[in-house]
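Now for the letters of each chain:
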Amino acid sequence: METVGTAPAPLEAPVKKKLLDLKNPFPAGTAAANGAKASPVGKWAMKKKLVGGDAGYVLEDVPHLTDFLPELPVRARVPRVLGVSVWDTDVPKLTFLPTTCSLRQYFVNPDDTVTQKIVVHKTSPRGTHFRRAGPRQRVYFQSDEVNAAIVTCGGLCPGLNTVVRELVCGLYDMYGVTSIVGIEGGYKGFYSKNTIPLTPKSVNDIHKRGGTVLGTSRGGHDTNKIVDCLQDRGINQVYIIGGDGTQKGASVIYEEVRRRGLKCSVVGVPKTIDNDIAVIDKSFGFDTAVEEAQRAIDAAHVEAESAENGIGVVKLMGRNSGFIAMYATLASRDVDCCLIPESPFYLEGKGGLLEFIERRLKENGHMVIVVAEGAGQDLIAKSMNFVDTQDASGNKLLLDVGLWLSQKIKDHFKKKPNFPITLKYIDPTYMIRAVKSNASDNVYCTLLAHSALHGAMAGYTGFTVAPVNGRHAYIPFYRITEKQNKVVITDRMWARVLCSTNQPCFLSHEDVENMKHDDDHEHHLHNTQLLEGESSPAKNSSNCNGSVPAG
């Protein structure tokens, strides 16, 4: 397995680190191990850029344009009189706008990294780190040569317009870039639609609206057509905003760009309202979603409290991860039961959900149930003999657990004529994802956009940007696409939910211990693979918000 060199030498003398020797990821005897020709995309996908240091320090670095374009000229930004930043004197002087002067004292040290794990023991190794995001003194693009493109893919999410706005305004105000276009309608817009010119004036007020002014879609990913479009239109910076499926697609685009030797930075901005992207602290739009979800819970509580044996059922987003349901439950304090995909439950029998509902109604006279859309799917499929199907992004189509659960509750109490209930079902899914972002998410989207464009201008590529332990970092695509972020039901946050709702956990002590053991084993396995070079970014990369052609 080939190891890529370290990032370009910074202006300051760097601390010496060593490149880790990575083992061949192919088992002996396989076609690849025996020298069989691998696909070009697969060839690039096999590379990880790891840098080792003292005391178990490992930097999972992101690719740089000079990794495959070693003769690429570099530009150094240095402060001049009146605080205006210009290019260095050995290249044509290109004056920046005055706002750039505020950046000169905030250049990120080229050796700054962000640790993935901050809770450690005194004997623990330093562990995995990522390159810190922020403005660099060395850049690899002049403002007049930049042709940037922005695309939004997948489902809607609060904050999409804010990210688009801040990318446009940040490129223009901080780097003097004036050639910026938007791609309409997601990935397929690269080859099937015209581009939209974007200027600070045209995007000035879009953050006050929900949705995305660029439009979006699922599927439509055709790597060759997309990269052909980038090449034909001279686009050398592309910002791809979307969830884990979209980021997988962005990774494949980067690999093809690299294979062709194009000077083009491919940058991802992670978007998923479910907050299910791995490694990062949270995705934008999540805070807004929790805030809006709480309004639906409040309405359900009013309805339930106002009726005899009233039950309010609220279905929230959470295909594979129950973060919205969990945080909205904690924020509300009016929820009696929270059901998420990570925590199995059962209806009938001793200790089951129906028994708990009956007991809670006898105690309080009303109750509120919050259920994530991905919860209980196995139970529904068994009762309906349902065959799995997928949407255009390759996601499993879910059955409506809210309607199913509501009907099961009604059927149960129909058998008890002396125990009448009033049940109200609320599904605010599309209301939540279509609203504009709140103040917290607006600030967060601004930081994401600025970190993304700083990385692109500095020549980094093949990365997504997000906070890790509160510090924005550049993360290789493979790290956020190899698995999904999920609620850990053996963690204290889920214990707080159980304490708030007083609901049963529906799990035996053996189940909990097994899950805890699996979590510890997975973390240990990842660290071992890093040190031994045994995992591949290409693994589990089949779904890229649409089909990706092999090879």
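Calculation criteria
- Residues numbered from 1 in each chain as written.
- Predicted model: local features only at pLDDT ≥ 70, side-chain atom pairs only at ≥ 80, totals over all residues.
- Heavy atoms only, no water.
- UniProt positions renumbered as here; feature names shortened; annotations may be inferred.
- Salt bridge = Lys/Arg side-chain N within 4 Å of Asp/Glu carboxyl O.
- Buried < 20%, exposed > 50% of the residue type's maximum accessible area, 1.4 Å probe, protein only.
- Pairing = 2+ DSSP bridges.
- Helix = DSSP H or I, 4+ residues; strand = E, 2+ residues; numbered from the N terminus.
- Axes fitted to C-alpha atoms, helices over the stretch in contact; angles between N-to-C directions.
- Contact = heavy atoms within 4.5 Å.

- The name given to the chain in an unreviewed UniProt entry is ATP-dependent 6-phosphofructokinase, and the organism recorded there is Digitaria exilis.
- What UniProt records for the chain under Subcellular location (unreviewed entry) is the sentence "Cytoplasm".
- Entered under Cofactor (unreviewed entry) in the UniProt record, the comment concerning the chain runs "Mg(2+)".

**Some points on the pattern of salt bridges**
Step number 1: Summed over the entire model, instances satisfying the criterion amount to 20 salt bridges.
Step number 2: Across the salt bridge formed by Asp-287 and Lys-282, the nearest N and O atoms sit 2.5 Å from each other.
Step number 3: Judged by relative accessible area, which is 23%, Lys-282 ranks as partly exposed.

**Topic: the sheet that holds strand S14 (residues 310-316)**
Step number 1: Pairing is parallel across the open sheet formed by four strands, whose spatial order is S15-S16-S14-S17. Because the sheet does not close on itself, it has two edges, and the strands there are strand S15 (337-339) and strand S17 (422-426). Strand-to-strand twist in this sheet, taken as the mean axis angle between neighbours without regard to direction, amounts to 15°.
Step number 2: Direction of pairing for S14 relative to strand S16 (residues 366-372): parallel, over a ladder of seven bridges. If you follow Ile-311 over to S16, its bridge partner there is Met-367.
Step number 3: Lying over the sheet, helix H8 (residues 353-364) contacts S14, S15 and S16, oriented at roughly 145° with respect to S16.

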